[in-house]
Amino acid sequence: MESQILTLVTFFPLLGAALLLLIPKERHDSVKSIALIISFITMLLSFWLYAMFEPLANGMQFEINIPWVASLGISYHMGIDGISLLLIVMTTVLNVLAILASFNSITQNVKGYYISMLLLATGMIGVFCSLDLFLFYVFWEVMLFPMYFIIGLWGGVRRIYAAIKFVLFTMFGSLLMLVAILYILFEYQSFAGEYSFDMLKLAQMPLGHQAQLWLFGAFALAFAIKVPLWPFHTWLPDAHVEAPTAGSVILAGVLLKMGTYGFIRICMPMFPEATVTFIPYISVLSLIAIIYGALVAMVQKDVKSLVAFSSVSHMGFIMLGLFALNLQGMEGAVLQMLNHGISTGALFLLVGMIYERRHTRLIDQFGGLAKVMPMFSAVFMIVTLSSIGLPLTNGFVGEFLILLGTFKANVWYAVIAASGVILSACYMLWMYQRMFYGKITNKENEGLKDLSIREKIIVIPLVLLIFWIGVYPKPLFDRIEPAVKQVMNQMGRSGTVEVDEDFSIKPVLADRTAEQELIVKAEKEGE
Amino acid sequence: MFPYLALAAILFSIGIYGVMTRRNVIGILMSLELMFNAVNINLVTFNKFIIADGLSGQLFAVFVIVIAAAEAVVGLAIVLLIYRNWRGVKSDYVNVMKW
Amino acid sequence: MDFQLPPYDLKMMLPEIFLFLWALVVFTFDLLTNRKKETAIGYLTLVGILITGVLLAFTGYGRGFGNMFFNDPMARFFKIIFLGAAFMAVGSSFGILKQRIRNHRGEYFGLILLSTVGMMFLASSQELLSLYIGLELTTIPLFVLAAFYKDDKLSVEAGIKYFIVGAFSSALLLYGISFLYGMSGTTDIVQMKINLAITHLTFTNIGMTLVIAVVTMLAGIGYKLGLPPFHQWVPDVYEGSPTPVAAFLSIGSKAAGLVAFAKIFVNGLSAFHGPEMLPNDWGQLVALMAILAMVLGNTVAIWQTNIKRMLGYSSIAQAGYIMIGMVTMNVYGLSSVAFYMFAYMFANMGAFAIVTVFEDKTGSTQIASYRGLSKSAPGLSLTLAIFLLSLAGIPPLAGFLAKYYVFAAAVEKANSADSASWLYWLVGVGLITTVFSLYYYANIIKQMYFSREDSPYKIPVSAPAMMVIAICLIGVILFGVWPEPILQFAGDIPASFGFIAR
């Protein structure tokens, strides 16, 4: 049981989906409650996982390694480190809240909706658990179609366009990834004499510089579409705006993190040299994303698309932190992945709640909501501040570390990024001011009800998390730090980049050993 | 050996040309027969000039004749269906489906 | 001459002989029995196919009839596919059995069985003459089956088109075969391989003759497989023929063409695929056809409004993917082709089965009439969606692993030799067109699910059709998640062609 706990966490939602299939579709209430119970148990399982996880320990934990398709070298290899652990916990928590949040808003084809949500959960948890490239790819694709249905079936007016755009963008990226996976497989075969998709083994394989660049490019494109990095972000606002609330929550909270997770788990350990080469390009794209996302968010009329573009900006921060390639930057980025999931997820949930009441999301339709909905406004305020990154909220810890790390890596990047923080304060607070303060200009807003009990149950855990991470993030860092250090050590192992004492990655330029010099020379001649 | 092969090639080419250009389905069937018979000439020629002993080529030709006959039977049956449906056997009629 | 057949040889051929006799039984059964029990003959056919399958399982590997008849892993693997395709085609024919082919039930089922016998012979033949006979026995019944709705102009048109193309391609193939025979002096494929190499080394001027042979044979088999530029008949025939026949064509006939291709080209002409054998290299020609197939099939399919035509274009594209595996000429190539065909069988037969039951009820094959089907027939819509996603190659369904395996074979080859790096292009085109294909497969899903209007159709599914759909569904999911036994089986195939893992 204990050795298979990852299997259990991953496939429990799938089991639940199968169970839902058996329930007659007219019985909406039992469908809803079973979906909720299943996701709740999954969440408890992930808490159990958290409790059993040994902090400050190196290496993967709860590893499972069983041959799956032996003739192609595919194995069922799962295992988690601190980064995946926290992402899994966040996924399961958000999944419960998303399911709870859709009780009223989803009225058509209820059964299909909850089945999709549970399938999606399996795909997402699977991505974070898998240590086998092939398995990773399978889960990566598995979550594609439930999301397609969630956007396309239960979404807004332009839902079909948004759904198809989402699928085609993602599919394009993942097929490139597939080619890269194939190439790596055969490279590894000629290196080690056996077929394997094992990420840990593959990370030990030395690759030529040219090959690294191509492979990094293929993987990075797939992940950058998912993140989404500017200029691959165009699917995101469409998908976010058209998706139902729960879809947006999962999309922003978890799906985008799969992109950044891919960078940490696959790109960096396997192609360290290419990672270093790509730093300036990705950093500049991240900076553009930060500024561009913030500026576009500022002019949005629709709250939901404002939040969507703020996501682009925040994901830019995370990428910048990752590619600072030092301990502070990467730890901050990983933490910010959680924070973004929590605060943006909360924002989408809150926007969904007001949309259920008023059936509009246009900012100028609101105004003075603070008077009629004090509780709602307070929560919204907390989440807004967390999204801006005010001290004592979770956003501050992450953003501060990212900026610190970036500052160590490149001062100018940090300066530009810091201006992004200010911009984010501008658009978020301006939006808040227009919606909640002032007089009630629109008569329809006068009779709005404050949060119901169900809605309170949804937001309270998020608010608690916001403050908890903001005040006492140490337990999280205890889990993140060994994992980040391990990624860095994996990078250092190849000999082409080195990790210095305070854990930042530098390319090995001077004082190569004579042997390495020869290899480099041979490579150049080979080209 | 060469004249025989050339004859076969010419027959075969006439057959291809006929299949491509004929507007009458019966004509197409006849062109197909030409093609099969070109193959038969080829087979028999090779058997005679290259494999002096053994009958494999001629045997092959006999089989081809039999199969071509079977094919013609099916073909004519379908032509009959065309006649019943369209009251004619021009291949232009038979063009309900277009891409 | 002593013409005694050793009993051992006959035993090798037992499944084929049995199925042939069973076909005769089916022919006569319809004449002799009470015509009111209309479904009995369908069940009779199904039982016959099942028994043949059991016999196949008990027929060991070996060879008979003076090396003309081989039972090797390849033969057995493809025989399973043929029997599976026949089984599912028959299973989904019960609807038209009651409605449209009342008076010719015996002929219909008997011809399907005869065609299957031809395919099975083809899979076992190791010699050009029996290969040709097997191919003709496969296609001649199919001509009749395509034109089976005698009063339906579309069906007759499909029949005549398929007939002309089929006979024409046979003649082309034969013309090429006759040259192979002339150059090698034998019809035995293994012997031919040796003789051709010797002739090629001794006479330097056979190059041109070989080119004629290769080109005509490639055209002949290209027609059978529906590879561009020989593909024009595919959509018309698929649209016009009875739907189960179209399904049978798409799997059975295609697999038969693949077997013929593998035997003649991959085995017989294996020496003539490589940079040193230019301009006789057939591999790059085939690669070009495969690229055309993937691009053309996947793009034209987008504009189709008829689901059978769309599946026709999709099958052109799928043939392109399969040919990637064929031209790699390594261990993975052939086994990936076999696995691809196996996975493709479940997805395509399943999709066609649903199209059939839909057509039986509504009489329509327009994609637009699937609008809103998810509300009136949720189970059917979900299964059709799964089949289409498998065709598009979405994990964890079997179609994904099949595509993956084919691409893996090509990358392996391209990686191993500099002269084969053009295979990367093939893989690249394959991947990009896969994204295109997703568009039109997803379009049907979109029609079924995303339309707000309700479908007026309640679709009843007969028990045999239900069985076929269930088998296909299980196949698509099971072999996507647990493909190991099939992969092992398919992994045995290349050895019989002399390919050994490096």
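As the structure is a computational prediction, the values presented were derived from the model and not from experiment.

**Quick look at the interface of chain C and chain B**
- If you look at the interface, chain C gives 30 residues, while chain B gives 33 residues.
- Elements supplying a minimum of two residues to the side of chain C that touches chain B: helix H7 (128-146), helix H8 (153-184) and helix H11 (233-240) of chain C.
- With 16 residues, the top contributor of residues to the side of chain C that touches chain B is H8 of chain C.
- When the residues that make up the side of chain C that touches chain B are grouped by side-chain class, the tally is 18 nonpolar, 6 polar and 6 charged.

**Thoughts on the environment of Phe-396 of chain A**
All names here are of chain A.
- Checked against the element boundaries, Phe-396 lands in helix H17 (residues 394-409).
- Of the residues examined, Phe-396 has 20 C-beta atoms within 10 Å and is grouped as buried.
- In this structure, Phe-396 is in contact with Gly-389, Leu-390, Pro-391 and Gly-470, ignoring residues within four places of it in sequence.

**Some details on the pairing of strand E2 (residues 74-80) of chain A**
- Counting buried positions over the 7 residues of E2 of chain A gives 5, a clear majority of the element.
- Between strand E1 (residues 61-69) of chain A and E2 of chain A, which pair antiparallel and follow one another directly, the connecting turn spans 4 residues, one of which, Gly-73 of chain A, has a positive phi of 75°.

**Points about the pairing of E1 of chain A**
- Of the pairings in the sheet, the one linking E1 of chain A to E2 of chain A comprises 6 bridges and is antiparallel in character. Bridging across to E2 of chain A, Asn-65 of chain A finds its partner in His-77 of chain A.

**Focus on helix H20 (residues 463-481) of chain C**
Residues and elements named next belong to chain C.
- Here H20 is 19 residues long and its end C-alpha atoms lie 27 Å apart, about the 27 Å a rise of 1.5 Å per residue gives.
- Among the residues of H20, those classed as buried are Pro-464, Ala-465, Val-468, Ile-469, Cys-472, Gly-475, Val-476, Phe-479 and Gly-480. Projection of H20 onto a plane perpendicular to its axis shows the buried side chains occupying an angular sector of 145°, all on one side. Residues of H20 that are exposed and point over 90 degrees away from its buried face: Ala-463 and Ile-474.

**Some remarks on the interface of chain A and chain C**
- Counting residues at the interface gives 24 residues for chain A, matched by 23 residues for chain C.
- If you list the elements that add at least two residues to the side of chain A that touches chain C, you get helix H5 (133-142), helix H6 (144-154) and helix H7 (159-192) of chain A.
- The biggest single contributor to the side of chain A that touches chain C is H7 of chain A, with 12 residues.
- Here the residues of the side of chain A that touches chain C sort into 21 nonpolar, 2 polar and 1 charged.

**Some words on helix H4 (residues 73-91) of chain C**
- Between the first and last C-alpha of H4 of chain C there are 27 Å, a value that for 19 residues agrees with the 27 Å anticipated at 1.5 Å per step.
- Counted residue by residue, H4 of chain C has 17 buried out of 19 residues, so it is predominantly covered.

**Some details on unusual backbone geometry**
Residue and element names in this part refer to chain A.
- The residue after Val-227, namely Pro-228, is reached through a cis peptide bond having omega -10°.
- Mapped onto the elements, Pro-228 comes out in the loop between helix H9 (209-226) and helix H10 (235-242).
- Residue Trp-230 is joined to Pro-231 through a cis peptide bond whose omega torsion reads 5°.
- Within the element layout of this structure, Pro-231 appears in the loop between H9 and H10.
- The phi dihedral of Phe-62 is positive, around 55°, even though this residue is not glycine.

**What to know about the packing of helix H17 (residues 378-392) of chain C against helix H19 (residues 423-449) of chain C**
Residues and elements named next belong to chain C.
- Remark: H17 packs on H19, axes separated minimally by 9 Å, with the N-to-C direction vectors making an angle of 170°. The angle between the axes of H17 and H19 places the two elements in the roughly antiparallel class. Contacts between H17 and H19 involve Ser-381, Ala-385, Leu-388, Leu-389, Leu-391 and Ala-392 on the former and, on the latter, Ser-437, Leu-438, Tyr-441, Ile-444, Ile-445, Met-448 and Tyr-449.

**Focus on the environment of Asn-40 of chain B**
Residue and element names in this part refer to chain B.
- Topologically, Asn-40 is positioned in helix H2 (residues 25-49).
- According to the C-beta neighbour criterion, Asn-40 is buried, with 23 such atoms within 10 Å.
- Note: C-alpha distance between Asn-40 and Val-62 (22 residues apart in sequence) is 8.2 Å.
- When sequence neighbours within four positions are dropped, the list of residues in contact with Asn-40 reads Ala-61, Val-64 and Ile-65.

**What to know about the confidence of the model for chain B**
- Of all residues in chain B, 92% have pLDDT values of 70 or greater, and the mean over the chain is 87.
- The ipTM for the predicted assembly is 0.94, set against a pTM of 0.89.

**Looking at the packing of H7 of chain A against H10 of chain A**
Residues and elements named next belong to chain A.
- In the contact formed by H7 and H10, the axes pass within 9 Å of each other and the chain directions differ by 135°. What the angle tells us is that H7 and H10 run oblique. As H7 runs across H10, the sense of the crossing is left-handed. Contacts between H7 and H10 involve Arg-159, Tyr-161, Ala-162, Lys-165, Phe-166 and Phe-169 from the former and Trp-235, Asp-238, Ala-239 and Glu-242 from the latter.
- Within the contact of H7 with H10, the residues separate by chemical class into 6 nonpolar, no polar and 4 charged.

Reading guide: rules and limits
- Residues numbered from 1 in each chain as written.
- Chains lettered and ligands numbered in written order.
- Predicted model: local features only at pLDDT ≥ 70, side-chain atom pairs only at ≥ 80, totals over all residues.
- Contact = placed C-beta atoms within 7 Å.
- Helix = DSSP H or I, 4+ residues; strand = E, 2+ residues; numbered from the N terminus.
- Nonpolar A, V, L, I, M, F, W, Y, C, P; charged D, E, K, R; others polar.
- Buried ≥ 20, exposed ≤ 12 C-beta atoms within 10 Å, placed from the backbone.
- Pairing = 2+ DSSP bridges.
- Expected span 1.5 Å × (residues − 1).
- Arc of directions from axis to C-beta.
- Axes fitted to C-alpha atoms, helices over the stretch in contact; angles between N-to-C directions.
- Parallel < 35°, antiparallel > 145°, perpendicular 65-115°, else oblique.
- pLDDT = per-residue confidence, 0-100.
- Left-handed = near helix turned anticlockwise from the far one by under 90°.

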